[in-house]
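Examination of the molecular architecture
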Amino acid sequence: MGEAAFECPLIHAILKRVWTARTLERERIEANEALDSEAGAGTSKKSRPTSVNGNALKLSCELVRVFVTEAVQRAAAVAEAEGSTQIEPSHLEFILPQLLLDF
């Protein structure tokens, strides 16, 4: 693989941050529901930390790399068609809907 790759620890840190935020949000919602419900005592589940398999992490890194590479290539084509030598945010905005549908 001759192209630059995303570091797996970076992708893992991003995933952990999202999981933590979702866990905190879920706990907040469950706490509010428990206050509203009389049967709330003893109904909460013990949550375990979310983890990722090493192969799944490598695959996620590759998916992010391919996605970003494709986005840059498509945006560069749009910029070139407009006669620009630099990719602007508007070029990314233009290609993003179709890119998301393709992935």
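Residues numbered from 1 in each chain as written. Predicted model: local features only at pLDDT ≥ 70, side-chain atom pairs only at ≥ 80, totals over all residues. Heavy atoms only, no water.

**A short note on the pattern of salt bridges**
On inspection of all chains with the given rule, the structure shows 4 salt bridges. Its salt-bridge partner being R65, residue E62 comes within 2.5 Å of it at the nearest N-O pair. One end of the pair, E62, and the other, R65, are both in helix α2 (residues 54-81), 3 residues apart, so they sit about a helical turn from each other. Here D102 makes a salt bridge to R74, at a shortest N to O gap of 2.7 Å. Of the two residues, D102 sits in helix α3 (residues 89-102) while R74 sits in helix α2, which places them 28 residues apart along the sequence. The exposure class of R74 is partly exposed, given its relative accessible area of 21%. Linked through salt bridges whose partners overlap, the residues forming this network are E70, R74 and D102. (Salt bridge = Lys/Arg side-chain N within 4 Å of Asp/Glu carboxyl O. Helix = DSSP H or I, 4+ residues; strand = E, 2+ residues; numbered from the N terminus. Buried < 20%, exposed > 50% of the residue type's maximum accessible area, 1.4 Å probe, protein only.)

**A closer look at the nonpolar core**
Counting residues in hydrophobic clusters, the biggest one holds 5 residues: A71, A75, V78, I95 and L99. Those elements that provide at least two residues to this core are α2 and α3. In terms of residue count, the dominant contributor to this core is α2 (3 residues). Those residues in contact with I95 that lie beyond four places of it in its chain are A71, R74, A75 and V78. (Core = buried A, V, L, I, M, F, W, Y, C linked by side-chain atoms within 4.5 Å. Contact = heavy atoms within 4.5 Å.)

**Considering a nonpolar patch on the surface**
A surface patch of nonpolar side chains, amounting to about 590 Å² of accessible area, comprises F6, L10, I14, V18, V68, V72, I87 and L92. Mapped by element, the contributors of at least two residues to the nonpolar patch are α1 (8-36) and α2. Examining the composition of the nonpolar patch, we find that 3 residues originate from one element, α1, more than from any other. Along the chain, V68 turns up in helix α2. (Patch = residues over 30% accessible without salt bridge, like charges linked within 9 Å, V, L, I, M, F, W, Y side chains within 5 Å. Areas by Shrake-Rupley, 256 points an atom, 1.4 Å probe, with all protein chains shown as cover.)

Coordinates in, geometry out; function isn't part of it.
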